[in-house]
Amino acid sequence: MITLRTFLAGAGGGLLALLLVGCSTTQSGSLNPGMTPGQTVQSMGEPDLKDDIADPNHNGATVLRYVWLEPGKAAIFGSDNRLASVQDVETNTKVKVEQQAHAEAVASGPPQRFDPIQTPLDYIFFPVKAGAVYFGAGLNCVAGGSCQKPPLPSPSSG
C-alpha cells in the first residue's frame, strides 16, 4: 500500500516535470536592435510572414520584414541585415474572427435551402425571366420613362 509520503513525493515530482515541460515549450522571445535574422528566428521561432518592404531611408531599396502574428510583433531589418526596428502588429485573434463570422451570419439571415427540383428549373428559365425584364425596360424607355439598364435578379430567386 502506498503511504501518504510516497504519494505526495510522486505527485510533487510529476507537477515539477509538468511545469518544466510547459515552460520549455512556450516561446517568450524578445527582439533587440542589432539582431540578425537568424537570431530573431532563434528568439521568436519561425515567422508567420517573411517579405520585403520599401526602405524608408532609401528610395528604391527594400528591406526584410518578419512578422509573428501570435505575439503581434514585426521585425524590420536595415540594409546591413540587422534588426532596425520592432513594431507592434494588431492581429485578428481567434475570438475576433469568430465574432465577426457570427455577426455576418446573423446579418445575412437564415441560410437558403436547396430544393433539388425548383433550383434547376430556376436556372433553366432564367433566360426567359431576364428577357422579360429587358422587354419591360425597353417598353418603359419607349413610353418616355427613364432609359437605363435594368438590374437582373439572381437565377435562384423565386
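For the structure, see preceding data.
Chemist: Got a sec to walk through the overall build of the protein chain? Specific residues and values, please.
Modeler: When helices and strands are counted, the protein chain shows 5 helices and 4 strands. Scanning the protein chain from its N terminus toward the C terminus, one meets helices and strands in the order α-α-β-β-β-β-α-α-α. Buried positions account for 16% of the 158 residues belonging to the protein chain. Put simply, the protein chain shows about 12,100 Å² of open surface, and 61% of that area lies on carbon and sulfur atoms.

Chemist: Can you explain helix α2 (residues 37–44)? Please cite residues and give values.
Modeler: In an α-helix there are 3.6 residues to a turn, and that puts residues three or four apart on one side. Within the span of α2, buried status applies to P37, T40 and M44. Down the axis, α2 shows its buried residues gathered within 60° of arc, on one side only. Against the buried residues of α2 lie β2 (62–68), β3 (73–77) and β4 (83–88). Phi for G45, located one or two positions after α2, is positive at around 95°.

Chemist: So what about the state of the cysteines? Which residues, and what values?
Modeler: Here the structure, examined in full by the defined rule, presents 1 disulfide. Between C141 and C147 runs a disulfide, and the two sulfur atoms are separated by 1.7 Å. Judged by the sign of its S-S torsion, about 90°, the cystine formed by C141 and C147 is right-handed. For C141, a relative accessible area of 31% puts it in the partly exposed group. According to the relative accessible area criterion, C147 is exposed, its value standing at 52%.

Chemist: Could you give an account of the sheet that holds β4, naming the residues involved and the relevant values?
Modeler: Read from one edge of the open sheet, 4 strands run β1-β2-β3-β4, paired in antiparallel fashion. Strand pairing shows two members of the sheet lacking a second neighbour, β1 (49–54) and β4, which therefore form its edges. On average, each strand axis in the sheet is tilted by 25° relative to the strand beside it, whichever way the strands run. Strand direction decides the pairing type here: β3 and β4, joined by 5 bridges, are antiparallel. Among the inter-strand pairings, F77 is bridged to a residue of β4, identified as L83. Sitting on the sheet, α2 is in contact with β2, β3 and β4, with an inclination near 5° to β2.

Chemist: An account of the environment of I76 is requested, with residue identities and associated values reported.
Modeler: Its location among the elements puts I76 in strand β3. Spatially, the C-alpha atom of I76 lies 6.6 Å from that of Y66, the residues being 10 residues apart in sequence. Sequence-distant contacts of I76, that is, excluding residues within four places in its chain, are made with I53, V63, L64, R65, R82, L83, A84, S85 and Q87.

Chemist: Describe a nonpolar patch on the surface, and please don't skip the residues or the numbers.
Modeler: Among the surface-exposed residues, I117, L121, I124, F125 and V128 lie close enough to one another that they form a single nonpolar patch of about 520 Å² accessible area. Positionally, F125 belongs in the loop between α4 (118–124) and α5 (126–142).

Cut-off values and rules
Residues numbered from 1 in each chain as written. Predicted model: local features only at pLDDT ≥ 70, side-chain atom pairs only at ≥ 80, totals over all residues. Heavy atoms only, no water. Helix = DSSP H or I, 4+ residues; strand = E, 2+ residues; numbered from the N terminus. Buried < 20%, exposed > 50% of the residue type's maximum accessible area, 1.4 Å probe, protein only. Areas by Shrake-Rupley, 256 points an atom, 1.4 Å probe, with all protein chains shown as cover. Arc of directions from axis to C-beta. Contact = heavy atoms within 4.5 Å. Disulfide = S-S within 2.5 Å. Pairing = 2+ DSSP bridges. Axes fitted to C-alpha atoms, helices over the stretch in contact; angles between N-to-C directions. Patch = residues over 30% accessible without salt bridge, like charges linked within 9 Å, V, L, I, M, F, W, Y side chains within 5 Å. Salt bridge = Lys/Arg side-chain N within 4 Å of Asp/Glu carboxyl O.

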